[in-house]
Amino acid sequence: MLIFEHSRKGRRNYSQSPATTASKSQIPQNLLRKSPVLLPEVSEMDTVRHYTRLSQKNFSIDTEFYPLGSCTMKYNPRACNSLAMLPQFLSRHPLAPEDTGQGFLACLYELQEILKSVTGMAGVSLTPMAGAQGELIGVMMIRAYHESRGDFARTEIIVPDAAHGTNPATAVMCGFKVVEIATDKDGNVDLNALKAAVGPQTAGLMLTNPSTLGVFEKNVAEMSRVVHQAGGLLYYDGANLNAVLGKVKPGDMGFDVIHINLHKTFSTPHGGGGPGSAPVGVAERLLPFMPIPIVTKEGDAYRWVTEKDKPQSIGRLSAHMGNAGVLLRAYIYVRLLGMDGMHRISEFATLNANYLMAELRKAGFEIAYPNRRASHEFIVTLKDIKDKTGVTAMNLAKRLLDKGYHAPTTYFPLLVPECLLIEPAETESKETLDAFVKSMKEILQEIEQQPDMVKGAPHTMPVRKLDDVKAARELDLAWKSPA
Amino acid sequence: MPFIPHTEEDITEMLTSIGAKTIEELFDEIPKELLSDELTGVPVGLSEMEITRLMLDRAGKDGFYHNFIGAGAYEHHIPAAVWQITTRGEFYSSYTPYQAEASQGTLQLLYEYQSMMASLTGMDVSNASMYDGATALAEAALMAVRSHKTSRRILIPQTVHPVYRQVVRAIVSNQKIEVVELPFCTECGQILPESLAKSNHEDFAALVIPQPNFFGVLEQVDALTDWAHSKNAFAIGVVNPTALALLTPPGEWGSKGADIAVGEGQPLGIPLSSGGPYFGFMACKSDLVRQMPGRIIGRTTDLDNKEGFVLTLQAREQHIRRSKATSNICTNQGLMVTAATIYMSLIGPEGLRRIAAQSHANTLDLVDQLEKIKGVKRIFSGPLFHEAALILPAPVAEVLSKLKQKGILGGLDLHPYYPELGNTLLVCATETKTAADLQNYAETLKHALS
């Protein structure tokens, strides 16, 4: 039932908006609204019940294991939320003077410094509001760098075929042509393909390491040499930073610009699809082009770095300071973890992934790259199962929902057929992983004995398999009042 | 180990299963020369008690003020239920709803949000949100250029939020799209349709129309929309969602209505919180829906013909189309939209109308009181909504500094943005201000200027 269907004309909550309608008005008649606003007329209790019930139709980290590859669904500590929502932080206007926000600015400044330290970059800007925006800003800085040197011939961005869809989409949004390069049989970027692709037209290479195939690019140092020798820059997509945090710094691998998904590695909530946050880090030569605002410290005081300080900045990409409240949550998280907590993240994320991979292999699942260590994630392929039984990776994913697990990432990366990308974050216990393996074994049996039942999954969710084709053909995107 | 549940016994058993002796061994594919030293730049970990002390101390430094700043972010009362429900773990810690059957809560909520925003803006469809108002406007500009096909020029009046104009420029210039700024009438604070009619602007993809504009002044939206359409260009409305309870929605501007409506969603239940996270909204006419960026939720049915909700029109998006996507955007601002949807449900149509009317009336009252002070005067004659630009008889920065000492954040100094306007202050009074607050502000300003 939609909230609109609970609506009754004339019902309202009296204590939450002004008691009377102000009569004073200067709005010209011709600008006044004539059509009604179709908001529901419901009581506070109706609203609370309706949205509480809706929440119960969601899977979430707080209720289920969420082995969603490349998304790093780790526990979101409660303290990060409650302390970021202290009333002084919530009530502060973004354009309030700097001296009324020294506590807030101190947190941001220290977060910048900590992120610089763990990534080995020379500067960090916290403004990007999501991974895709971090990418956009990173690629804009690459362009600004080349153009500042009078080099306008660099029109191509190289992207491995295993990359997230945002990488090529970002390059195009920045006005670049995308050159895709292949992956070799062990899951590494094909070095020869890279060597053949670079040239005076190369603006840069976007790379995720460990890659979305769940393996570490062993040749990253050589790739860095190849791209730099051709005059290009290296972009690090930090989607998988959780796998190497405190172990390897992108700066040491030769990257010139990176983004860090705080909603993955630094445990800020995914919120049903945002808000994310993706600070960018840069090497020395890109410092002048960083997006503003940035926080700087002078003596004991913190202030914003603006256009005046950075005349070559690529500019502003949000109305204020990015997703400020998300930054506070990440700051609280890194302070709780501290120095030792950083490398423990990657160690236990890697332990969990390799353990789960070993157990699933023993259970009879085919691992896509069996001769490689898993990073914090790995790929199971159901190609053989599909060939024999017709059961697909998506069928298995939906059946996992019935067993009380969120599905792994399916059909990504695109180059492994019938794939499940599985990432058990470090916050999951061995018992959870063991129970997941048990359910996966049960599904294997079900595939043999009752393939049609598996193909019809899910069976226990609030709805059964939904008709995507109908949704796209008979577009119903907004409720309309029955006349 | 904070947030890591493994016991020593677990670690041993897991390593045995893997066939490794140590956790270190699991990193043996990383070349040795790349491994990091200790992270000296990270302080040692704090307990929850210690971080609580630290954050309370930091928050205490920031304190509380009587806020009269608007300029794109507005203080409104947020009902208690909004964030209590929004921060339930099932909303807070869930992922993008790719697995529709396990995400019906978020998906239905987003469908309800889309319905509310479509109605509020007078448009056919809304997406599930963008990052913020500024980036929503930039994406609307890109969308207009994609749909227009012949022109790569966008007209933006200088009455649009100055930072929005910067953001639009930063984003669209990557695609060689030209942004042309239109001057405003310095007497009325509006874009004059008659001066546009006399201009020689012919070849452009869209005209951006703010309502109310950055100065709080109401634009002549009908004439502006019709002028854009007469030039075969799209009309993009940038609107304040609270104001739409009182004002003609963009979908009804002029004879055909604007084509795209965007804006900052923060006034709908999102705290000011130093600038974010907020959310941008975007709605459009149905013939443009396939050019719209971002997540869109559709209502459909399941195998038993039962109603359900899914992400739809995904063929526009980066995870399917990669380099051919309408935008690189991946997320929306899901949790913020959750709060906004609950806010709009609690407030209802009458509540929103009262909030808008009270904010309008409070600002008129404040302006009346302030104009009684010698040398203080509205700079523009155009009608206003809940914000006003005032000329002061002294440099605004100095005046604001004195007000701050009395616990009042008196507004925004427009000098850095519009130096040609001299000592101009932008001030806003929403429904959160009482008559006593307004009087206190007026008395304090009078004192500061004497």
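Note that this is a predicted model, so its numbers are computed, not measured.

(A) Looking closely at the overall build of chain A. In terms of helices and strands, chain A carries 14 helices and 13 strands. When the backbone C-alpha atoms are referred to their principal axes, chain A occupies close to 75 × 65 × 45 Å. Counting every position in chain A, which comprises 483 residues, the buried fraction comes to 60%. Expressed as a percentage of contacts within chain A between residues at least 6 apart in sequence, the contacts between residues at least 24 apart total 73%.

(B) Representation of the overall build of chain B. In terms of regular secondary structure, chain B is built from 13 helices and 15 strands. Of all 450 residues assigned to chain B, the portion counted as buried reaches 62%. Sequence separation of at least 24 residues holds for 75% of the intrachain contacts in chain B that already meet a minimum separation of 6.

(C) Examining unusual backbone geometry more closely. A cis amide bond, omega 0°, links A:Gly274 with the succeeding residue A:Pro275. Backbone torsion omega between B:Gly276 and B:Pro277 reads -5°, so that peptide bond is classified as cis. Structurally, B:Pro277 can be placed in the loop between strand 7 (260-264) and strand 8 (280-284). Unlike most non-glycine residues, B:Phe3 shows phi in positive territory, near 65°. Turning to its location among the elements, B:Phe3 is positioned in the segment before helix 1 (8-18). Even without a glycine there, the phi angle at B:Ser274 is positive, about 55°. In this structure B:Ser274 comes out as buried when scored by C-beta crowding, with 25 C-beta atoms within 10 Å.

(D) Examining the pairing of strand 3 (residues 177-181) of chain A more closely. All names here are of chain A. Of the strand pairs in this sheet, strand 2 (residues 156-160) and strand 3 are connected by 5 bridges, and their pairing is parallel. Looking at strand 3, one finds that Ile 157 is bridged to Val 178. For the crossover that starts at strand 2, traverses helix 6 (residues 166-173) and ends in the parallel strand 3, the hand is right-handed.

(E) Spatial organisation of the sheet that holds strand 12 (residues 387-391) of chain B. Residues and elements named next belong to chain B. One open sheet accounts for 4 strands, arranged 11-12-15-14; its pairing is antiparallel. In this open sheet, the two strands that pair with only one neighbour each are strand 11 (377-378) and strand 14 (412-413). Strands strand 11, strand 12 and strand 15 (424-428) of the sheet are contacted by helix 11 (residues 334-371), whose axis makes an angle of about 10° with strand 12.

(F) Structural view of the sheet that holds strand 13 (residues 419-422) of chain A. All names here are of chain A. Sheet architecture is open: 4 strands sit in the order 10-11-13-12, paired in antiparallel fashion. At either end of the open sheet lies a strand with only one pairing partner, and these are strand 10 (366-367) and strand 12 (409-410). Helix 9 (residues 324-362) contacts strand 10, strand 11 (378-381) and strand 13 of the sheet and is inclined by roughly 20° relative to strand 11.

(G) Structural context of the environment of A:Glu428. All names here are of chain A. Among the secondary structure elements, Glu 428 is positioned in the loop between strand 13 and helix 12 (430-449). The class of Glu 428 is buried, set by 25 C-beta atoms lying within 10 Å. Considered as a pair, Glu 428 and Met 73 are 355 residues apart in the sequence and their alpha carbons are 9.8 Å apart. Apart from residues lying up to four places away in sequence, Glu 428 is in contact with Phe 65, Asn 352 and Leu 433.

(H) Just the interface of chain B and chain A, in detail. On the side of chain A, 168 residues touch chain B, which itself brings 164 residues to the contact. Broken down by class, the residue content of the side of chain B that touches chain A amounts to 80 nonpolar, 57 polar and 27 charged.

(I) Up close: the packing of helix 9 of chain A against helix 1 of chain B. Put simply, helix 9 of chain A and helix 1 of chain B touch, their axes get as near as 9 Å, and they point 50° apart. In terms of orientation, helix 9 of chain A lies oblique with respect to helix 1 of chain B. Between helix 9 of chain A and helix 1 of chain B lies a crossing whose hand is left-handed. Touching A:Leu351, A:Asn354, A:Tyr355, A:Ala358 and A:Glu359 of helix 9 of chain A are B:Met14, B:Ser17 and B:Ile18, all from helix 1 of chain B. When the residues that make up the contact of helix 9 of chain A with helix 1 of chain B are grouped by side-chain class, the tally is 5 nonpolar, 2 polar and 1 charged.

(J) Fine view of the domain arrangement of chain A. All names here are of chain A. Domain boundaries assigned for chain A yield domain 1 (79-337) and domain 2 (340-469). Centre-to-centre, using C-alpha coordinates, domain 1 lies 30 Å away from domain 2. If you look at the interface, domain 1 gives 20 residues, while domain 2 gives 18 residues. Partitioned by chemical class, the residues of the side of domain 1 that touches domain 2 number 10 nonpolar, 7 polar and 3 charged.

(K) Region of interest: helix 9 of chain A. Residues and elements named next belong to chain A. The terminal C-alpha atoms of helix 9, which comprises 39 residues, lie only 45 Å apart, well short of the 57 Å expected from a rise of 1.5 Å per residue. Of all the bends in helix 9, the greatest measures close to 95° and is centred on Gly 338. Counting buried residues in helix 9 gives 35 out of 39 residues, a clear majority hidden from the surface. Immediately downstream of helix 9, the backbone of Gly 364 shows phi near 110°, a positive value.

(L) Focus on the pairing of strand 13 of chain A. All names here are of chain A. Side-chain alternation along strand 13 places Cys 419 and Leu 421 on one buried face and Leu 420 and Ile 422 on a second face that is also buried. Two strands pair when backbone bridges link them, and strand 12 and strand 13 are joined in this way by 2 bridges, in the antiparallel orientation. Considered in strand 13, the bridge of Thr 410 is made with Leu 420.

(M) Expanded view of the packing of helix 12 (residues 396-405) of chain B against helix 13 (residues 435-449) of chain B. Residue and element names in this part refer to chain B. It is the contact of helix 12 with helix 13, at a shortest axis distance of 10 Å, that shows an interaxial angle of 125°. With respect to helix 13, the element helix 12 is oriented oblique. Of the two possible hands of crossing, helix 12 and helix 13 adopt the one that is right-handed. Contact with helix 12, carried on its side by Val 399, Lys 402 and Leu 403, involves Thr 444, Leu 445, Ala 448 and Leu 449 of helix 13 and no other residues of that element. A breakdown of the residues in the contact of helix 12 with helix 13 according to their chemical character gives 5 nonpolar, 1 polar and 1 charged.

(N) Examining the confidence of the model for chain B more closely. Scored by pLDDT, chain B has a mean of 96; 100% of the residues are at 70 or more. Predicted as a complex, the structure gets a pTM of 0.97 and an ipTM equal to 0.97.

(O) Broad picture of the nonpolar core. Grouped together as the largest cluster of nonpolar side chains are 320 residues, with contacts concentrated most on B:Ala141, B:Ile236 and B:Ile260. Per-element accounting of this core gives the leading share, 23 residues, to helix 9 of chain A.

(P) Region of interest: the domain arrangement of chain B. All names here are of chain B. Once the domains are mapped, chain B shows domain 1 (66-76 + 353-449) and domain 2 (80-341). One C-alpha centre belongs to domain 1, the other to domain 2, and the line joining them spans 28 Å. Across the boundary between the two partners, domain 1 contributes 22 residues, which contact 21 residues of domain 2. Secondary structure elements with two or more residues in the side of domain 1 that touches domain 2: helix 11 and strand 12. Tallied by class, residues from the side of domain 1 that touches domain 2 come to 13 nonpolar, 6 polar and 3 charged.

(Q) Main features of helix 8 (residues 220-229) of chain A. Residue and element names in this part refer to chain A. Residues Val 220, Met 223 and Val 227 constitute the buried set of helix 8. Down the axis of helix 8, the smallest arc covering the buried residues is 55°, so these residues share one side. When the buried face of helix 8 is taken as reference, the exposed residues oriented beyond 90 degrees from it are Arg 225 and Gln 229. On its buried face, helix 8 is in contact with helix 7 (191-197), strand 4 (202-208) and strand 5 (233-237). Backbone geometry just downstream of helix 8 places Gly 231 in the positive-phi region, at approximately 90°.

(R) Just the environment of B:Glu187, in detail. Topologically, B:Glu187 is positioned in the loop between strand 4 (178-182) and helix 8 (193-198). Each C-alpha atom of the pair B:Glu187 and B:Phe380 lies 5.3 Å from the other, and the pair is 193 residues apart in sequence.

(S) Structural view of the environment of A:Leu414. Residues and elements named next belong to chain A. Relative to the elements of secondary structure, Leu 414 occurs in the loop between strand 12 and strand 13. Residue class for Leu 414 comes out partly exposed when judged on the 15 C-beta atoms lying within 10 Å of it. Separated by 249 residues in the primary sequence, Leu 414 and Gly 165 place their C-alpha atoms 9.8 Å from one another.

What counts, and where the lines are drawn
Residues numbered from 1 in each chain as written. Chains lettered and ligands numbered in written order. Predicted model: local features only at pLDDT ≥ 70, side-chain atom pairs only at ≥ 80, totals over all residues. Helix = DSSP H or I, 4+ residues; strand = E, 2+ residues; numbered from the N terminus. Buried ≥ 20, exposed ≤ 12 C-beta atoms within 10 Å, placed from the backbone. Contact = placed C-beta atoms within 7 Å. Pairing = 2+ DSSP bridges. Right-handed = clockwise from strand over helix to strand, strands pointing away. Axes fitted to C-alpha atoms, helices over the stretch in contact; angles between N-to-C directions. Nonpolar A, V, L, I, M, F, W, Y, C, P; charged D, E, K, R; others polar. Parallel < 35°, antiparallel > 145°, perpendicular 65-115°, else oblique. Left-handed = near helix turned anticlockwise from the far one by under 90°. Domains from an automatic or database assignment. Expected span 1.5 Å × (residues − 1). Bend = angle between axes of the 7 residues up to and from the residue. pLDDT = per-residue confidence, 0-100. Core = buried A, V, L, I, M, F, W, Y, C linked by C-beta atoms within 7 Å. Arc of directions from axis to C-beta.

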